[in-house]
Amino acid sequence: MPNDLLAEIVSAIPIPTLVVDQTERIIAANTEARTMLGQNIEGRHFATILRQPQVIDAIEQSLRSKGSSKTRHLSNDGAQDTTFEVQCRYMNGVGAVEGGAVMVVFQDVTHLEQAGQMRRDFVANVSHELRTPLTALMGFIETLRGPARDDAAARERFLQIMTDEANRMNRLVGDLLSLNRVESEERVRPREQLDLTGLLQSTLTTLRPLAEAANVDLTLDTSSGPISVTGDSDQLRQVFTNLVENAIKYGGSGGNVDVRIQASERDTAMRGPAVRVQIADKGPGIDAVHLPRLTERFYRADSHRSRELGGTGLGLAIVKHIVNRHRGRLRVESTLGKGSVFTVILPR
């Protein structure tokens, strides 16, 4: 096969591809391969370009056996580590004196690796979250069957703790189901036209007993009047319930939780008409080191306090996915000792 025809074939392949002949030099490479490995790689010995031993071994094996081989190539695109699956296939009648060559194709499988790691992390986190209450329940059951069998006071105390732990597991399972449902609908845009101001008023009315029990003054600024948006009323109620509950539980020590709704014809974040809902508290605030990770599954800025207050570590992850479904933005600002502000920005 003429080299110019080989070069045309290789250039038409949409993923990084190069060809190594029996002289062990690269005789063809497409644009994607040059972008990944360097612009001036043709004519050079492949081992000086592909310096990873497993890749060199795979190419050499294909050249010797005139067969196929497979391995992995690890790289970095400047932003993250990347993983490529490398396929080597022998071609007859190609290269120097038509002695044959190996086509080397790089398939990016980074997203598959990341998905696998996310799945493993998720299973590990769920197992950890369930193990603690299950261990407590098993311990108390054993105690009630033994030493506390005839101790009425201890029995009542243990049963209350068992109820709390069972409720915690129930909340976790509920949040897992909710997260799964939200993720499955994330690419489906909502079409319902709803009164966002009325929805906020209804949500705060429901949460007012919780605020009163925590000695928190819960206020809503509706000076902008009725504001309508396109959205899913149940999901948006879930967003604001979660954020206001968090403000009461974690920021309520400041005595105030203020909810403000404001519309604008051009919002800088949305580059168009939008509405902002801000939930502000005057509590202890959140250290800046935690802010980028707050919406990760099971991530907690204060894990001990979160568990004590019944948190599952999934609330803000659910909020993020719901806001994403509405093509909105979630902003978090916080200063230690001065409180936090969670802002939901929705297009109008």
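Residues numbered from 1 in each chain as written. Predicted model: local features only at pLDDT ≥ 70, side-chain atom pairs only at ≥ 80, totals over all residues. Heavy atoms only, no water.

Engineer: Help me understand the pattern of salt bridges, please; the structure alone is not making it clear to me.
Structural biologist: Any two side chains of opposite charge can pair, given that their charged atoms come close. Taken as a whole, this structure holds 10 salt bridges when the rule is applied. The partner of R325 in a salt bridge is E185, with the nearest N and O atoms 3.8 Å apart. Here R325, found in helix α10 (residues 315–325), pairs with E185, found in helix α6 (residues 152–185); they are 140 residues apart in sequence, far enough to count as distant. Judged by relative accessible area, R325 falls into the buried class, the value being 7%. The residue E265 makes a salt bridge to R348 at a minimum N-O spacing of 3.7 Å. On the criterion of sequence distance, the pair formed by E265 in strand β9 (residues 256–267) and R348 in the segment after β12 (339–347) is long-range, its members being 83 residues apart. Owing to a relative accessible area of 61%, E265 belongs among the exposed residues under this scheme. It is possible to trace a salt-bridge network through shared partners that takes in E185, D232 and R325. (Salt bridge = Lys/Arg side-chain N within 4 Å of Asp/Glu carboxyl O. Helix = DSSP H or I, 4+ residues; strand = E, 2+ residues; numbered from the N terminus. Buried < 20%, exposed > 50% of the residue type's maximum accessible area, 1.4 Å probe, protein only.)

Engineer: What should I look at first to understand the layout of surface pockets in this one?
Structural biologist: Unoccupied space between atoms shows up once a probe the size of one water molecule is rolled over them. Size it by volume and the second largest pocket reaches roughly 360 Å³. Lining of the second largest pocket is provided by 15 residues; of these, M118, D121, N125, E296 and R297 occupy positions nearest its centre. Elements that contribute at least two residues to the lining of the second largest pocket include exactly α5 (110–145) and α10. Per element, the largest residue contribution to the lining of the second largest pocket is 6 residues, and it comes from α5. Grouping the constituent residues of the lining of the second largest pocket by class yields 5 nonpolar, 4 polar and 6 charged. (1 Å grid on protein atoms, 1.4 Å probe; cavity = no way out; pocket = protein on both sides within 12 Å on 5 of 7 lines; lining within 4 Å. Points joined across faces, edges and corners; volume = space filled by probe spheres on them. Nonpolar A, V, L, I, M, F, W, Y, C, P; charged D, E, K, R; others polar.)

Engineer: Please clarify how the sheet that holds β12 should be interpreted in this entry.
Structural biologist: To summarise the sheet geometry, strands pair through backbone hydrogen bonds and adopt either a parallel or an antiparallel arrangement. The mixed open sheet is built from 5 strands, whose spatial order is β7-β9-β10-β12-β11. Of all the strands in the sheet, just β7 (217–221) and β11 (329–335) have a single pairing partner and so form its edges. For this sheet the average axis-to-axis angle between neighbouring strands, irrespective of direction, equals 15 degrees. In this sheet, β12 lies alongside β11 in antiparallel orientation, the contact comprising 7 bridges. Note that in β12 the partner of E333 across the bridge is V341. (Pairing = 2+ DSSP bridges. Axes fitted to C-alpha atoms, helices over the stretch in contact; angles between N-to-C directions.)

Engineer: What am I meant to see in the side chain of D232 here?
Structural biologist: Within the fold, D232 resides in the loop between β8 (228–230) and α8 (233–251). In terms of polar contacts, D232 uses its side chain to reach the backbone amide nitrogen of D234, at 3.1 Å. Excluding anything up to four places from it in sequence, D232 contacts P190, E192, L194, R325 and H326. (Polar contact = N/O pair within 3.5 Å; in protein donor to acceptor, adjacent residues only side chain to side chain. Contact = heavy atoms within 4.5 Å.)

Engineer: Just checking my understanding: could you explain α5 for this structure?
Structural biologist: Since the α-helix advances by 3.6 residues per turn, residues separated by three or four positions end up pointing in the same direction. Spanning 36 residues, α5 covers 52 Å between terminal C-alpha atoms, matching the ideal 52 Å at 1.5 Å per step. Its maximal kink placed at R131, α5 deviates by approximately 25 degrees, while the proline P133 follows within four residues. Three or more residues of α5 are buried, namely T110, G116, V126, E129, P133, L137, F140 and L144. (Expected span 1.5 Å × (residues − 1). Bend = angle between axes of the 7 residues up to and from the residue.)

Engineer: Would you mind showing me how to read the packing of aromatic side chains here?
Structural biologist: By convention here, two paired aromatic rings are described through the distance between centres and the angle between planes. Under the defined criterion, the tally for this structure stands at 2 aromatic pairs. Each ring, one from F84 and one from F106, has its centre 6.4 Å from the other, and the planes form 85 degrees; the classification is edge-to-face. Of this pair, F84 sits in strand β4 (residues 81–91) while F106 is found in strand β5 (residues 101–108), placing the two residues 22 residues apart along the sequence. F106 sits in the buried class, given a relative accessible area of 0%. (Phe/Tyr/Trp six-rings, centres within 6.5 Å; stacked < 30°, edge-to-face > 60°.)

Engineer: Would you mind showing me how to read the packing of α8 against α10 here?
Structural biologist: Describing two packed helices takes the angle between their axes plus the distance from one axis to the other. Look at α8 against α10: their axes get within 9 Å of each other, and the N-to-C directions meet at 140 degrees. Note on packing geometry: the crossing formed by α8 with α10 is left-handed. In this structure, α8 uses Q235, Q238, V239, N242, L243 and N246 to contact α10, whose residues at the interface are G315, L316, I318, V319, I322 and R325. Partitioned by chemical class, the residues of the contact of α8 with α10 number 6 nonpolar, 5 polar and 1 charged. (Left-handed = near helix turned anticlockwise from the far one by under 90°.)

Engineer: Sorry, what's going on with the packing of α5 against α6 here?
Structural biologist: α6 packs onto α5 with a crossing angle of 160 degrees between their chain directions and a minimal axis gap of 10 Å. The angle between α5 and α6 falls in the class roughly antiparallel. Handedness of the α5/α6 crossing: left-handed. A breakdown of the residues in the contact of α5 with α6 according to their chemical character gives 17 nonpolar, 2 polar and 4 charged. (Parallel < 35°, antiparallel > 145°, perpendicular 65-115°, else oblique.)

Engineer: Got a minute to help me understand unusual backbone geometry in this structure?
Structural biologist: Across the chain, the bulk of peptide bonds are trans and the bulk of non-glycine residues have phi less than zero. Even without being glycine, N215 reaches a positive phi, approximately 55 degrees. Inspection of the secondary structure assignment puts N215 in the loop between α7 (196–213) and β7. With phi around 60 degrees, R327 is a residue other than glycine that occupies positive phi space. Mapped onto the elements of the fold, R327 is located in the loop between α10 and β11. Judged by relative accessible area, which is 31%, R327 ranks as partly exposed.

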